[in-house]
Amino acid sequence: MSALLEIRDYRLAFDTFDGTAQVLDGIDLTLSAGETLGIVGETGCGKSVLARSLLQLNPMPPARVVSGQIHFRDEDILRLPERAMRRLRGRAIAMIFQDPASYLNPLLAIGTQMEDAIRGQDIAASLRKRPRAAARARAAELLAAVGLPEPARLLDSHPHMLSGGMRQRVLIAMALAGDPALLVADEPTTALDVTVQAQVLALIARLVAERGLALMLISHDLGVVAASCARVAVMYAGTVVEEAPTGELLARPLHPYARGLIAAVPDLDHPERRPQGIAGSIPGLIAPPSGCRFHPRCSAATDRCRREKPLRRELLPGRSVACHHATP
Amino acid sequence: MTEPLLRAEGLSRSFEGRRRLFHETPRVRAVAELNLTLDRGTALGIVGESGCGKSTLARLLLRLIPLSDGRIIFDGRDITALDESAMRPLRRRMQLIHQNPSAALDPRLSAEDAVAEPLRIHGVASGQALRDRVAALLAEVGLPSAFLHRFPHELSGGQKQRVCIARALALEPDLLVLDEPTSALDVSVQAQILDVLDALRARRGLAYLFISHNLAVVRQVCERVAVMYLGRIVEEGSAAEVLGTPRHPYTRALLESVPRLGANQAPPAAPGEPPNPASPPSGCAFHPRCALAVAACRAAMPPLVTLGDGHRLRCPRVG
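Residues numbered from 1 in each chain as written. Chains lettered and ligands numbered in written order. Predicted model: local features only at pLDDT ≥ 70, side-chain atom pairs only at ≥ 80, totals over all residues. Heavy atoms only, no water.

Visitor: So what exactly am I meant to see when it comes to the overall build of chain B here?
Guide: Along chain B, the regular secondary structure elements total 11 helices and 12 strands. In terms of overall dimensions, chain B is globule-like: its C-alpha atoms have a radius of gyration of 21 Å, near the 20 Å expected for 319 residues. The dimensions of chain B, computed from C-alpha atoms along their principal axes, are 70 × 50 × 50 Å. Out of the 319 residues belonging to chain B, those deemed buried represent 51%. Taking the contacts inside chain B whose residues are at least 6 apart along the sequence as the reference set, 64% of them involve residues at least 24 apart. Total accessible area computed for chain B in this model is approximately 14,000 Å², and 51% of it derives from carbon and sulfur atoms. (Helix = DSSP H or I, 4+ residues; strand = E, 2+ residues; numbered from the N terminus. Rg over C-alpha atoms; globule rule 2.2 N^0.38 Å. Buried < 20%, exposed > 50% of the residue type's maximum accessible area, 1.4 Å probe, protein only. Contact = heavy atoms within 4.5 Å. Areas by Shrake-Rupley, 256 points an atom, 1.4 Å probe, with all protein chains shown as cover.)

Visitor: It is not clear to me how the sheet that holds strand β6 (residues 94–97) of chain B should be interpreted in this structure. Could you clarify?
Guide: The strands making up a sheet associate through backbone hydrogen bonding, with each pair oriented either parallel or antiparallel. All names here are of chain B. Overall, mixed pairing links the 8 strands, which are arranged β6-β7-β8-β3-β9-β10-β12-β11 in an open sheet. For this open sheet the edge positions go to β6 and β11 (305–306), each flanked by a neighbour on one side alone. Where strand β3 (residues 43–47) meets strand β9 (residues 224–229), 4 bridges bridge the pair, whose relative direction is parallel. Within the sheet, the bridge partner assigned to Val47 lies in β9 and is Val227. Helix α6 (residues 157–169) contacts β6 and β7 (175–179) of the sheet and is inclined by roughly 170° relative to β6. (Pairing = 2+ DSSP bridges. Axes fitted to C-alpha atoms, helices over the stretch in contact; angles between N-to-C directions.)

Visitor: What exactly am I supposed to notice about the side chain of Arg293(A) here?
Guide: Residues and elements named next belong to chain A. Mapped onto the elements of the fold, Arg293 is located in the loop between α11 (256–264) and α12 (303–307). Owing to a relative accessible area of 7%, Arg293 belongs among the buried residues under this scheme. Side-chain polar atoms of Arg293 contact the backbone oxygen of Gln22, separated by 3.2 Å. Residues contacting Arg293, with those up to four places away along its chain left out, are Gln22, Asp25, Tyr236, Ala237, Gly238, Pro283, Leu285 and Pro288. (Polar contact = N/O pair within 3.5 Å; in protein donor to acceptor, adjacent residues only side chain to side chain.)

Visitor: When you look at the interface of chain B and chain A in this model, what are you seeing that I'm missing?
Guide: The extent of an interface is frequently quoted as the accessible surface area lost upon association of the parts. The partner chain A presents 40 residues to the 39 residues of chain B that form the contact. Across the chain B/chain A interface, buried area totals approximately 3,100 Å², and carbon plus sulfur atoms make up 56% of it. Summed over the three residues of chain B that lose the most area to chain A, namely Gln220(B), Leu261(B) and Glu273(B), the buried surface amounts to 22% of that side. Where chain B packs against chain A, one counts 3 salt bridges. The salt bridge partner of Arg260(B) is Asp269(A), with a shortest N-O separation of 2.6 Å. Our count for the contact surface shared by chain B and chain A stands at 16 residue pairs in polar contact (both at pLDDT 80 or more). (Buried area = accessible area lost by both parts, 1.4 Å probe. Salt bridge = Lys/Arg side-chain N within 4 Å of Asp/Glu carboxyl O.)

Visitor: Could you clarify how one ought to interpret the pairing of β7(B) in this entry?
Guide: The side chains of a regular strand alternate between the sheet's two faces. All names here are of chain B. For β7, a buried count of 5 out of 5 residues is recorded, marking the element as mostly surrounded by other parts of the structure. Burial of β7 is two-sided: the residues Leu175, Val177 and Asp179 facing one way and the residues Leu176 and Leu178 facing the other way are all buried. Alignment of β6 against β7, held across 4 bridges, turns out to be parallel. Considered in β7, the bridge of Gln95 is made with Leu176.

Visitor: Can you help me understand the confidence of the model for chain B in this one?
Guide: Low pLDDT means the predicted coordinates in that region are not meant to be read closely. With 99% of its residues at a pLDDT of 70 or more, chain B shows a mean pLDDT of 90. Reported confidence for the predicted complex is 0.85 by ipTM and 0.89 by pTM. (pLDDT = per-residue confidence, 0-100.)

Visitor: It is not clear to me how the pattern of salt bridges should be interpreted in this structure. Could you clarify?
Guide: Opposite charge on two side chains lets them pair, provided their charged atoms get close. Summed over the entire model, instances satisfying the criterion amount to 46 salt bridges over all chains. A salt bridge links Arg71(B) to Asp78(B); its shortest N-O distance comes to 3.0 Å. Taken together, the shared-partner salt bridges connect Asp9(A), Arg11(A), Asp25(A), Arg293(A) and Lys309(A) into one network.

Visitor: So what exactly am I meant to see when it comes to the packing of aromatic side chains here?
Guide: Where two aromatic rings form a pair, the distance of their centres and the angle of their planes describe that pair. Residues and elements named next belong to chain A. The tally for this structure, following the rule as stated, stands at 7 aromatic pairs over all chains. Ring centres 5.0 Å apart and planes at 85° place the aromatic pair Tyr236 and Phe294 in the edge-to-face group. Taken together, the residues Tyr236 in strand β9 (residues 231–236) and Phe294 in the loop between α11 and α12 connect sequence positions 58 residues apart. Across the pair, Phe294 and Tyr236 agree in class, each one buried. Summarising the aromatic geometry, the rings of Tyr257 and Phe294 are spaced 5.3 Å apart at their centres and angled 65° between planes, so their arrangement reads as edge-to-face. Here Tyr257 is found in helix α11, whereas its partner Phe294 is found in the loop between α11 and α12, with 37 residues between them in sequence. Summarising the burial analysis for this pair, Tyr257 and Phe294 share the class buried. (Phe/Tyr/Trp six-rings, centres within 6.5 Å; stacked < 30°, edge-to-face > 60°.)

Visitor: Mind showing me how you'd approach the pairing of strand β10 (residues 232–238) of chain B here?
Guide: Residue and element names in this part refer to chain B. Most of β10 sits inside the fold, with 6 of its 7 residues counted as buried. As judged from the 6 bridges shared by β9 and β10, these two strands associate in the antiparallel manner. If you follow Tyr229 over to β10, its bridge partner there is Arg232. In textbook terms, the turn of a hairpin is the stretch between consecutive antiparallel strands, and for β9 and β10 this stretch comprises 2 residues, one of which, Leu230, has a positive phi near 50°. Here β10 pairs with strand β12 (residues 312–313) via 2 bridges, running antiparallel. Bridging from a neighbouring strand, Glu235 pairs with Leu313 of β12.

Visitor: Just checking my understanding: could you explain the nonpolar core for this structure?
Guide: Soluble, globular proteins show a tendency: their nonpolar side chains are buried together. Counting residues in each nonpolar core, the largest one holds 109 residues, and the members touching the most others are Ile7(A), Phe72(A), Met114(A) and Leu182(A). Among residues more than four places away in sequence, those in contact with Met114(A) are Ala139(A), Leu142(A), Leu143(A), Leu155(A), Val170(A), Ala173(A) and Met174(A). In terms of nonpolar packing, the next biggest core, distinct from the first, is built from 66 residues, Ile97(B), Ala111(B), Leu185(B) and Leu197(B) among them. (Core = buried A, V, L, I, M, F, W, Y, C linked by side-chain atoms within 4.5 Å.)

Visitor: Explain the packing of helix α7 (residues 164–176) of chain A against helix α8 (residues 194–211) of chain A to me, please; I cannot follow it from the model alone.
Guide: Two packed helices can be described by the angle between their axes and the distance between those axes. Residue and element names in this part refer to chain A. Between α7 and α8, the least distance of the axes is 10 Å, while the angle of their chain directions is 15°. Taken together, the axes of α7 and α8 are roughly parallel relative to one another. Here the hand of the crossing between α7 and α8 comes out right-handed. Two secondary-structure elements touch here, α7 through Gly165, Gln168, Arg169, Ile172 and Leu176 and α8 through Val196, Gln199, Val200, Leu203, Ile204, Leu207 and Arg211. Split by residue class, the contact of α7 with α8 holds 7 nonpolar, 3 polar and 2 charged. (Parallel < 35°, antiparallel > 145°, perpendicular 65-115°, else oblique. Left-handed = near helix turned anticlockwise from the far one by under 90°. Nonpolar A, V, L, I, M, F, W, Y, C, P; charged D, E, K, R; others polar.)

Visitor: Help me understand unusual backbone geometry, please; the structure alone is not making it clear to me.
Guide: In terms of backbone geometry, most residues other than glycine have negative phi values and most peptide bonds are trans. Note the cis peptide between Met60(A) and Pro61(A), where omega equals -15°. Locating Pro61(A) in the fold gives a position in the loop between α1 (47–53) and β4 (63–72). With a phi angle near 50°, Asp179(A) is a residue other than glycine that sits in the positive phi range. Within the fold, Asp179(A) resides in the loop between α7 and β7 (182–186). Notably, Glu180(B) is not glycine yet its phi reads approximately 50°, a positive angle.

In structure tokens, the structure reads:
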């Protein structure tokens, strides 16, 4: 099976007044059709910048591609002209975001916004010459597909009349309009209450299974990733430090940062396991630490870690770790 | 029995909705007939989803917003009707920590000035004594003297929250109200702040009213937990019981919805969403989402019943 998405040695920098921030420092990731991959990490690790790269949504400048390729099917996204990119964006690759309210126009009815999205799609080319009614019927179909009741009434509603959970469902419905092969979800449930989050996670899981979608889900919440993704990549300061099947990573993380991250999560079912913080704080990316970017916070760091950037290597089948000292 | 540090009786607060000509002005009951007590040196967690009234409750208890009805007793003294000048000496003893430390700090004050400000205003210390005191407070929350002259933009989120805690401690309060104190922080930093809070409570005998939507965090910090739904407490008891063996259907739904690290599927989801406080369901507010609901649940609000060992439960359908 050939990969749907292949990211190779992708480096992205942001030019700022204070200097150049090396925000993504050599990302390698692969995603096949129908696969689910979670990206976890803390603030500033570059996970959202990576997600936005797949749709070329990072403003350039200040962002600047330093090196690498992002192959989607057989095209390198990084080298596609904007016009060609527009054929992919929201179609073969769709994206949903953390704050659904800011991606809906408050002045337009849900129906109007969905019809616009549908009529903008290639797959809706057949509808383009037809009246809005066809697009409206398709919109109602999509709303039903994401489990929203009374689609017809919803189409006439405005965003403020909807709860946060309903808005996110509407955006998921719009993302489905282009019949995507890849859904990029950037913190899709972070703004939602926990009972509603559970509903949206169940919806995403159902859509992935039914439609054979590939999913890249970005989250700071390991629980959300565990619920949604078969594989997970842990990012720290612009690099992927460990990639593994989700269950294996959570049971036995091999990279010191992945270990620290998991140990920091308070466990509702085992309150006697005290969450452990990671000493120090996230490094600046304008002058990142030499060698391994995690070394100033790592208790196992040696001279080699300060000198030499560890390359990610496969320690076990399907498990790779960027650490000089990790052992299987 | 000794008097609790804080007691609320029949606490209510409604807000007026938007006025419309020829329509009755709608009223939103953010907090309704709420009773709770907080003992000295203990931590009570308030959990619930957005719109349940937990932040309104915090502001009411601190007398930051007026109440519609009820009484607040702080350290044996009825503070419900105290005016601002009478409240002022009491304000030293009750402090609030906000969710977003970046918004809580003045960007033009260094860490030292931010912590010194309340001490200056209350005339507690000045000169070298003031500087020593500030340095000691910052050290107590884990910020060495190198941080004294840093401004908020030179601090990380966790460091800013430490400054806020030091500032709240400056006047030696008995009560800290913490409104989602770690929700804006990364998980590795959250663990550090929880350690700071635990150490402070042990050392200073502080009482915490700890508001959070994160049940696992509340389980770490608090001995007791109250679960709120649409302005009312639906279950209250020891953290081990409420979060370990929940009884109210809403508490159960809340706990089940939390994605667990060990699970490899989406958590089971209760149907529906938290209701709109402007048009609450009849009877028990949770009935439209509850699998156990019967006609009686739609007809009347069930009372909050005290079971053995101080466990309180608002649901006649469970035991």
